[in-house]
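Okay, here's what each chain looks like letter by letter:
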Amino acid sequence: MSSSKERKNAIKKLRAFALSPKSDITEFREKIDNTFSSVFLPNRVDLVEKDYNGVLCDVISPAMFSKKRVLLYVHGGSFVAGSRKAYRPFVSSLANAVSCRAVVPEFKLAPSHPFPYALEDLQNVFRLLYAQEQLRNGNTEIIISGDSSGASIAVALILSLKDKFRASVKQMILFSPWLDFSEKNEIFSSKKSVDDVFSAESIKFSAENYVDSSKNDNPLVSPLQASRDMLVGFPPVFMQCGENEIFLDAAKKFKLNLLAAGVKCTLDVWDDMMPLFQLADDCLNESHLAIEKIGKLLTEQDHSDESEYNIGLPLI
């Protein structure tokens, strides 16, 4: 267990993600980049930049990775910030744990590019990634992952995919997902809705920058509002949250909706943890344990066949 001091340091770091009406967007973006980026990447990963249908992406390859699996990561940042630069250390650790290549798009950000610009960028990346993997391997399994605001866009991507594309997605991994910006979400009617990092006010302001309020009920904006029919055929979903986060109730409801649609869903809640605790790995031991848990979820059965792995030969 992390100490009280370590928790306080983690919370201080993660509050860089909280947008407020007083925030200057440029300064907010710079703060996230400066707080989470690093000159050195963990786990000896290989990093290259690639253009996917007009969207620049990082392609991160661990020293050993599965040839039949690739991760598409949608970064958070309250819809208006976040970047490949800021997320390279975290996604490098995640890709290493999951033993697969990771693609991290630099999608368009609000408020200058509101909904659906980010979703359209991700659709373009996914189409090319899918086509390339079909040519390269024929049976590549795609993992789609994201955190906070990025998680809602990642779910929207799945909702927007046709059946043949959706079938190629083996797993969704969501960290502290934001799932409901509609008036039905009770956190927006209570002034006491806060956690260690975010408040209802900060999340509402983020959504206002991302989408016109008349569209907040759109399932591509608020995935919790998706009908059962829309969720049928979803890949298995693994959500990892802290016990103390503001969107935990929405995650619980989303799990029930997925189960009702016949979709396998696991909600992994960590005691006494704040939202996005996984990104504070320099402060919290729980961060490392949480990522290791996800790695075991996806790799245990695959390691039985070493021919499925590339060692030291990154593919781009």
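Quick caveat, the model's predicted, so the values are computed rather than measured.

How should I be thinking about the environment of methionine 172 in this particular structure?
Position of methionine 172 relative to the elements: it lies in strand 7 (residues 169-175). Counting along the chain gives 50 residues from methionine 172 to leucine 122, while the straight-line C-alpha distance between them is 15 Å. Ignoring anything within four residues of it in the chain, the contact list for methionine 172 reads Ile144, Ala154, Val155, Ile158, Phe234, Pro235, Pro236, Val237 and Phe238.

Whenever I open this one, unusual backbone geometry confuses me. Can you help?
Glycine aside, residues mostly have negative phi angles, and peptide bonds mostly take the trans form. Each neighbour pair has its own omega, and for alanine 110 with proline 111 the value is 0°, a cis peptide bond. Summarising the element assignment, proline 111 is placed in the loop between strand 5 (101-105) and helix 4 (117-136). That bond from phenylalanine 115 to proline 116 is cis: its omega, 10°, falls within 30 degrees of zero. Topologically, proline 116 is positioned in the loop between strand 5 and helix 4. The residue arginine 44 is not glycine, and still its phi comes out positive at about 55°. In this structure, arginine 44 sits in the loop between helix 2 (25-36) and strand 1 (46-52). Positive phi, normally seen in glycine, also occurs at serine 99, with a value near 60°.

In this structure, what is going on with the pattern of salt bridges? I would like to understand it.
A side chain of one charge can pair with a side chain of the opposite charge when the charged atoms of the two come close. In this structure the tally under the stated criterion is twelve salt bridges. For aspartate 58, the salt bridge is made with arginine 84, and the minimal N-O distance between the two is 3.1 Å. Here arginine 84 lies in helix 3 (residues 84-98) and aspartate 58 lies in strand 2 (residues 55-61), a separation of 26 residues in the sequence. Exposure class is identical for aspartate 58 and arginine 84. Each is buried. Each member of the salt-bridge network shares a partner with another, and the members are Glu49, Asp58, Arg84, Arg88 and Glu106.

Where do I start with the packing of aromatic side chains in this structure?
Two numbers describe a pair of aromatic rings. These are the distance of the centres and the angle of the planes. For the structure shown, the criterion picks out 17 aromatic pairs. With a centroid separation of 4.6 Å and 35° between ring planes, the pair formed by phenylalanine 17 and phenylalanine 36 is classed as tilted. With phenylalanine 17 in the loop between helix 1 (4-14) and helix 2 and phenylalanine 36 in helix 2, the pair connects residues that are 19 residues apart, well separated along the chain. Pair check on accessibility: phenylalanine 17 and phenylalanine 36 agree, each one buried. Between phenylalanine 17 and tyrosine 87, the aromatic rings sit 6.2 Å apart at their centres with planes inclined by 55°, giving tilted as the arrangement. Of this pair, phenylalanine 17 sits in the loop between helix 1 and helix 2 while tyrosine 87 sits in helix 3; the two residues are 70 residues apart in sequence, bridging distant segments of the chain.

What am I meant to see in the sheet that holds strand 9 (residues 265-270) here?
Sheet strands pair by backbone hydrogen bonding; their relative direction is either parallel or antiparallel. Strands sit in the order 1-2-5-4-6-7-8-9 across an open sheet of eight strands; the sheet is mixed. This sheet does not close on itself; its edge strands, each paired only once, are strand 1 and strand 9. Direction aside, the axes of adjacent strands within the sheet are offset by 20° on average. Examined bridge by bridge, strand 8 (residues 237-242) and strand 9 share six bridges and lie parallel to one another. Residue pairing across strands places glutamine 240 opposite aspartate 268, the latter belonging to strand 9.

Would you explain the packing of helix 2 against helix 3 in this entry?
The geometry of a pair of packed helices is captured by two quantities: the angle between their axes and the separation between those axes. Remark: helix 2 packs on helix 3, axes separated minimally by 8 Å, with the N-to-C direction vectors making an angle of 30°. Judged by the angle between their axes, helix 2 and helix 3 are roughly parallel. Considering only the axes of helix 2 and helix 3, their crossing is left-handed. Across the interface between the two elements, Ile32, Asp33 and Phe36 from helix 2 touch Lys85, Ala86 and Pro89 from helix 3. Residue composition of the contact of helix 2 with helix 3, by class: four nonpolar, no polar and two charged.

Rules used in this analysis
- Residues numbered from 1 in each chain as written.
- Predicted model: local features only at pLDDT ≥ 70, side-chain atom pairs only at ≥ 80, totals over all residues.
- Heavy atoms only, no water.
- Helix = DSSP H or I, 4+ residues; strand = E, 2+ residues; numbered from the N terminus.
- Contact = heavy atoms within 4.5 Å.
- Salt bridge = Lys/Arg side-chain N within 4 Å of Asp/Glu carboxyl O.
- Buried < 20%, exposed > 50% of the residue type's maximum accessible area, 1.4 Å probe, protein only.
- Phe/Tyr/Trp six-rings, centres within 6.5 Å; stacked < 30°, edge-to-face > 60°.
- Pairing = 2+ DSSP bridges.
- Axes fitted to C-alpha atoms, helices over the stretch in contact; angles between N-to-C directions.
- Parallel < 35°, antiparallel > 145°, perpendicular 65-115°, else oblique.
- Left-handed = near helix turned anticlockwise from the far one by under 90°.
- Nonpolar A, V, L, I, M, F, W, Y, C, P; charged D, E, K, R; others polar.

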